[in-house]
Amino acid sequence: MPTSSRTPYVGGNWKMNTDRAGARELAAGVCEHLADVEGVEAAVFVPFPYLLTVREALDKAGKRVKLGAQDVSDRENGAYTGEVSAAMLLDSGVHAVLTGHSERRHVIGEDDALVAAKTRAALDAGLEVVVCVGETLEQREAGQTDAINARQARAALAELRADVLGRVTIAYEPVWAIGTGRTATPDDAQDAHAKLRALVGSMHGQAAAGAMRIIYGGSMKPSNAAELLAREDVDGGLIGEASLKAADFAAIVRAAAES
Ligand code: 13P
């Protein structure tokens with residue numbers, strides 16, 4: 001039962017996993033499993049060194065799975081050792097990037113301002129962006145879930161022009177659910193997504209809010225995807241561990257297509 005006109009979106013975040021041969025095989029496997037699946041957008045977010053390899057594998061398979069990177073610099077070019085610019089990513093055949101992933105916020109130490117600057121840099125260059133938000137366990141237990149989501153989303157989206165909003169997806173990823181096997185309940189996810197959509201509406205208007213995809217991440221797997229994706233404001237998923245197995249990732253994409 002379709003619950004909205006938004007096309008479902010499922011991303012596989014490979015994180016710092018795979019090697020070159022494995023990345024090629026995984027990308028080809030994803031395409032093979034999705035050969036007959038329509039009505040959904042899928043993307044793989046790949047480690048930097050394997051972007052070109054995966055680009056080739058996706059092109060060879062001829063299936064329109066988008067190529068994504070896991071990070072991007074907020075700078076255009078210049079003396080920033082180790083950084084990778086949005087223009088370099090575009091030049092490497094990348095369509096989309098993640099910003100604000102909790103591992104970058106909480107492990108690497110990125111703050112709201114840097115996440116916002118990266119989001120703007122990627123959008124200005126023409127990339128699509130999946131902006132990740134979500135509360136830690138401590139914040140959840142202190143009743144701060146909505147406030148944290150709102151603060152992070154507001155910071156990332158505040159200065160965006162109306163004409164780039166169509167290239168923005170929000171991923172709600174409660175930190176306590178990432179890689180832990182604990183998943184938010186469908187009610188928890190729906191509640192957080194509806195509040196994020198209302199926030200987007202208050203910032204950028206109802207049309208933009210209604211069109212924006214808000215996807216869930218945190219231990220989503222084939223066995224729990226359908227019940228999460230059935231909820232009205234859950235427009236897809238951002239998948240970590242289960243995206244490293246082509247069949248599991250494809251099963252989630254299929255569930256999204258059928259949601
Ligand atoms: P897991 O699916 O492994 O919990 O990871 C979720 C995630 O962080 C996706 O970005």
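See the structure above.
Since this is a predicted model, take the numbers as computed values, not measurements. (Residues numbered from 1 in each chain as written. Predicted model: local features only at pLDDT ≥ 70, side-chain atom pairs only at ≥ 80, totals over all residues. Heavy atoms only, no water.)

With that settled, consider unusual backbone geometry. Although it is not a glycine, Lys 15 sits at a positive phi angle of roughly 50°. In this fold, Lys 15 is placed in the loop between strand E1 (9-13) and helix H1 (20-33). Backbone geometry places Ser 219, a non-glycine residue, at a positive phi of 55°. Mapped onto the elements of the fold, Ser 219 is located in the loop between strand E7 (213-217) and helix H10 (222-229). Ser 219 sits in the buried class, given a relative accessible area of 16%. (Helix = DSSP H or I, 4+ residues; strand = E, 2+ residues; numbered from the N terminus. Buried < 20%, exposed > 50% of the residue type's maximum accessible area, 1.4 Å probe, protein only.)

Take the site of the ligand next. In the vicinity of the ligand lie 13 residues, with Lys 15, His 101, Glu 173, Gly 179 and Ser 219 positioned nearest. Within the side chain of His 101, a nitrogen or oxygen atom sits 2.8 Å from an oxygen atom of the ligand. The contact in question runs from an oxygen atom of the ligand to an N or O atom on the backbone of Gly 240, over 2.9 Å. Coverage of the ligand by the protein amounts to 97% of the 310 Å² it exposes when considered alone. Of the residues belonging to the shell around the ligand, the class tally is 4 nonpolar, 6 polar and 3 charged. (Near = heavy atom within 4 Å. Polar contact = N/O pair within 3.5 Å; in protein donor to acceptor, adjacent residues only side chain to side chain. Areas by Shrake-Rupley, 256 points an atom, 1.4 Å probe, with all protein chains shown as cover. Nonpolar A, V, L, I, M, F, W, Y, C, P; charged D, E, K, R; others polar.)

Our focus in this paragraph is the sheet that holds strand E3 (residues 66-69). One closed barrel accounts for 8 strands, arranged E1-E2-E3-E4-E5-E6-E7-E8; its pairing is parallel. Neighbour-to-neighbour, the strand axes of this sheet turn through a mean angle of 25°, independent of strand direction. Judged from the 4 bridges that link them, strand E2 (residues 41-46) and E3 form a sheet pairing that is parallel. Bridge pairing in E3 places Phe 45 opposite Gly 68. Contacts from helix H2 (residues 51-61) reach E2 and E3 within the one sheet, and its direction differs from that of E3 by about 170°. Against the sheet, helix H7 (residues 145-157) contacts strand E5 (128-133) and strand E6 (168-172), and its axis sits at roughly 150° relative to E5. (Pairing = 2+ DSSP bridges. Axes fitted to C-alpha atoms, helices over the stretch in contact; angles between N-to-C directions. Contact = heavy atoms within 4.5 Å.)

Moving on: the pattern of salt bridges. This model, assessed by the stated rule, comprises 25 salt bridges. Between Arg 231 and Asp 187 there is a salt bridge, with its nearest N and O atoms 2.6 Å apart. Taken as a pair, Arg 231 in the loop between H10 and strand E8 (236-239) and Asp 187 in helix H8 (residues 186-204) lie far apart in primary sequence, 44 residues in all. Linked through salt bridges whose partners overlap, the residues forming this network are Arg 6, Arg 197, Asp 233 and Asp 235. (Salt bridge = Lys/Arg side-chain N within 4 Å of Asp/Glu carboxyl O.)

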